[in-house]
Amino acid sequence: MAADPLAQGARYTAGWWRRRSLRFRLTVVASAVLALALVASACVMIGVLRRTLLSGIDQEIYRRARETVSLSDAGRLPAEMTSIDGTLLQVVDGSGRITHATGGTGRPVPLLDAGERALAVRLGEARFLDGEPYGIPHTLRVRALSAGAGRTVIAARPFGEVRAGVGAAGHVLLVGTPLLLVLLAGASWLIIGRTLRPIAALRRGAEEITDTARSRRLPVPEARDEVHSLAVTLNDMLARLEKADARQRALVSDAAHELRSPLASIRLQLEVALGHPEGQEWRETAEGVLEDTMRLARLAEDLLALARLDERGGRPGRREPVALDRLVPRTAERYGAAVTVRVAGGAGAPGREDGSITVTGDALDLGRVLVNLVDNALRHTSAPVVVELRAEGADAVLTVTDDGPGVPEPDRERVFGRFTRLDSARSRDEGGAGLGLAIVRETIHAHGGAVHLEDASPGLRAVVRLPLS
Ligand SMILES: Nc1ncnc2c1ncn2[C@@H]1O[C@H](COP(=O)(O)OP(=O)(O)OP(=O)(O)O)[C@@H](O)[C@H]1O
Ligand SMILES: [Mg+2]
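Residues numbered from 1 in each chain as written. Chains lettered and ligands numbered in written order. Predicted model: local features only at pLDDT ≥ 70, side-chain atom pairs only at ≥ 80, totals over all residues. Heavy atoms only, no water.

Okay, the sheet that holds strand β11 (residues 450-455) next. Judged by pairing direction, the sheet is mixed, and its five strands sit side by side in the order β7-β9-β10-β12-β11 without closing on themselves. Each having just a single partner strand, β7 (339-344) and β11 make up the two edges of the open sheet. Between one strand and the next, the sheet's axes are offset by a mean angle of 15°, whatever the strand orientation. Where helix α10 (residues 436-446) meets the sheet, it contacts β11 and β12 (460-467), and its direction lies at approximately 135° from that of β11. (Pairing = 2+ DSSP bridges. Helix = DSSP H or I, 4+ residues; strand = E, 2+ residues; numbered from the N terminus. Axes fitted to C-alpha atoms, helices over the stretch in contact; angles between N-to-C directions. Contact = heavy atoms within 4.5 Å.)

Quick look at the structure:
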């Protein structure tokens, strides 16, 4: 099917229009509306002017006709009537003869014949009359009134003066309207440009951010308008991005820092061993290197776990039923006697008659949470670590309690940060990188739960709450 050239043209125009700047389009639309309004008001003005002039003429000839009727009835009509202000007057008697007339009526015939006179008198209003047949080069406005003794008074006035007046006004409007339109369009262009200036400033600000990364904020206009709230919102977004960026940078630098010490240790041990091969305890060296390698492996694993948590954006990796009452004892089993597990069945709770404590999420990740908490506890405790699980209302509550030195109240939130270790703990034993609790908190949050540390006097209790499924 051949493409319709008309439709194609319309599409091209629409495309062209959309590609124009907002300023251009707004100005054109505003000017078009203005043009319509100006033309409409010009038409109305001309119409009103014409009607006003016409009614002025009509009143004038009526007044002159009435005067003449009075004079005629009083028998005081002058033999030679004079035309004041250009009004033509004729007095016609019953037989159709002009008895009196002003000069200038071209030919001495009545402007209206007998029938027309009777009609005009009956209708009682003025009408148009072509002056040509009477030797008057104008269209006339004519009014007829009956007077005594069968006479009729005819008054007429050239309509040309109205036409001239309207024409003059039309000329003024014809020149003035486009001029006014151009002026208004120019003003619109300037005003719209000024209105859009904050947006241009925003654009320039955004450009500078990518180019120089100097001011990482957009300029906020003073006016409390839409552009102001847009700038504020965008700046908030920039702040959030900046924070995320800083966090990412800190993570990379912390990770590099953490990698450095085991690597340095491995290198030192190997260098020492290779420098003095004689009498070297190779087994000891290998054990030392293996320990550092394990640290590296754990660090890599923890970083990977955190990266995955970030990637999922606060959602668990899977959504499947996880029976904590089975997962917790199974996970604790590997620690043997060092960990005591107590599971209080949720039997009796609505929907939990079988005593199972089930949540929705990722079993592997939840297992890691328990391992991290137990590892921490074991590092500080002297007595066996107690792991308790119970259902409480709509939540599953998991606690890990030790009798170690605990964490001072002001640090209990801080230790959940990435790479946060308390110095006392580091001096006590080697410890990890400080990622364990960060992984715990982020995993639990992804599962819609909460975790906090509390005093177990003596020792510390980590409390995890997860919504039951
Ligand atoms: N049960 C606890 N008793 C005393 N201090 C604790 C306990 N659990 C954690 N902490 C303190 O909180 C800090 C952060 O714990 P986190 O598990 O995040 O890191 P880590 O155990 O040092 O390293 P990682 O878990 O990465 O091996 C620890 O360094 C330690 O100082
Ligand atoms: Mg830990």
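Here the narrative resumes, following the displayed structure.
There is a patch of nonpolar side chains on the surface, built from L174, V175 and L179 and spanning about 330 Å² of accessible area. Residue position: L174 is located in helix α4 (residues 160-212). (Patch = residues over 30% accessible without salt bridge, like charges linked within 9 Å, V, L, I, M, F, W, Y side chains within 5 Å. Areas by Shrake-Rupley, 256 points an atom, 1.4 Å probe, with all protein chains shown as cover. Salt bridge = Lys/Arg side-chain N within 4 Å of Asp/Glu carboxyl O.)

Read across the open sheet, the five strands follow the order β2-β1-β5-β4-β3; overall the sheet is antiparallel. Bordering the open sheet on either side are β2 (98-101) and β3 (127-130), each of which pairs with just one other strand. Taken over all neighbouring pairs, the strand axes of this sheet differ in orientation by 30° on average, direction set aside. Pairing geometry for strand β1 (residues 88-92) and β2, over three bridges, is antiparallel. The residue of β2 that forms the bridge with V91 is H100. Where helix α3 (residues 114-123) meets the sheet, it contacts β1, β3, β4 (139-146) and β5 (152-158), and its direction lies at approximately 75° from that of β4.

β1 sits mainly inside the fold: five of its five residues count as buried. Of the two faces of β1, both are covered, the one formed by L88, Q90 and V92 as well as the one formed by L89 and V91. Here β1 runs beside β5; their pairing, made up of five bridges, is antiparallel. Looking at the pairing, V92 lines up with T152 of β5. Hairpin remark: β1 followed by β2, antiparallel, with five residues in the connecting loop; positive phi at G96, about 90°. (Buried < 20%, exposed > 50% of the residue type's maximum accessible area, 1.4 Å probe, protein only.)

As a structural note, the neighbourhood of ligand 1 is formed by 21 residues, with R298, N376, R379, D402 and L437 the closest of them. Separating an oxygen atom of ligand 1 from a side-chain N or O atom of N376 is a distance of 2.7 Å. Between ligand 1 and D402, the relevant distance is 2.9 Å, taken from a nitrogen atom to a side-chain nitrogen or oxygen of the residue. Within the complex, 96% of the 600 Å² of free accessible area of ligand 1 lies under protein. Those elements that place two or more of their residues in the shell around ligand 1 are α6 (282-312), α8 (363-380) and α10. Ranked by residue count, the leading element in the shell around ligand 1 is α8, at four residues. A per-class count over the shell around ligand 1 returns nine nonpolar, seven polar and five charged. (Near = heavy atom within 4 Å. Polar contact = N/O pair within 3.5 Å; in protein donor to acceptor, adjacent residues only side chain to side chain. Nonpolar A, V, L, I, M, F, W, Y, C, P; charged D, E, K, R; others polar.)

Running from N to C, helix α7 (residues 324-333) and α8 cross one another at 50°; their axes reach a closest spacing of 10 Å. Taken together, the axis directions place α7 and α8 in an arrangement best described as oblique. The two elements α7 and α8 cross, and the hand of that crossing is right-handed. Residues L324, L327, V328 and T331 of α7 lie in contact with α8, whose contacting residues are A363, L366, G367, L370 and V371. (Parallel < 35°, antiparallel > 145°, perpendicular 65-115°, else oblique. Left-handed = near helix turned anticlockwise from the far one by under 90°.)

Given two aromatic rings, their pairing is described by the distance between the two centres and the angle made by the two planes. Applying the stated criterion across every chain yields a total of three aromatic pairs. The interplanar angle of 85° and the centroid separation of 4.9 Å between the aromatic rings of F128 and F159 together place this pair among those described as edge-to-face. Linking F128 in strand β3 with F159 in the loop between β5 and α4, this pair joins segments that are 31 residues apart in sequence. By relative accessible area, which is 5% here, F159 ends up buried. Each member of the aromatic cluster is reached from another via a ring pair, and the members are W16, W17 and F24. Of note, R441 hangs over the ring of F416, and the distance from its end group to the ring centre comes to 4.0 Å. (Phe/Tyr/Trp six-rings, centres within 6.5 Å; stacked < 30°, edge-to-face > 60°. Lys NZ or Arg CZ within 6 Å of the ring centre and 35° of its normal.)

Once that is clear, we can look at unusual backbone geometry. Following S457, the chain continues into P458 via a peptide bond in cis, with omega recorded as 0°. By the secondary structure assignment, P458 is in the loop between β11 and β12. A positive phi angle, near 60°, is found at A149, a position not held by glycine. Relative to the helices and strands, A149 is located in the loop between β4 and β5. Backbone geometry at F419 places phi at a positive 60°, although glycine is not the residue there. Inspection of the secondary structure puts F419 in the loop between β10 (395-401) and α9 (423-428). You can call F419 buried: its relative accessible area is 14%.

In terms of nonpolar packing, the biggest core is built from 36 residues, with L324 and V387 touching the most fellow members. Counting only elements with at least two residues in this core, the list comes to α7, α8, β9 (385-392), β10, α10, β11 and β12. For this core, the element with the most residues is α8, which contributes seven residues. Residues within four places of L324 in sequence aside, it is in contact with P329, I357, V359, L366, L389, A396 and L466. Judged by nonpolar contacts, the second largest core, of 13 residues, contains L111, I136, L140 and V142. (Core = buried A, V, L, I, M, F, W, Y, C linked by side-chain atoms within 4.5 Å.)

Looking now at the packing of α8 against α10. For the pair α8 and α10, the least separation of the axes is 9 Å and the interaxial angle reads 145°. Considering only the axes of α8 and α10, their crossing is left-handed. On the side of α8, the interface is formed by D365, L366, R368, V369, N372, L373 and N376, while α10 contributes G436, L437, I439, V440, T443 and I444. Split into classes, the residues belonging to the contact of α8 with α10 amount to seven nonpolar, four polar and two charged.

Honestly, it's all geometry; don't read function into it.
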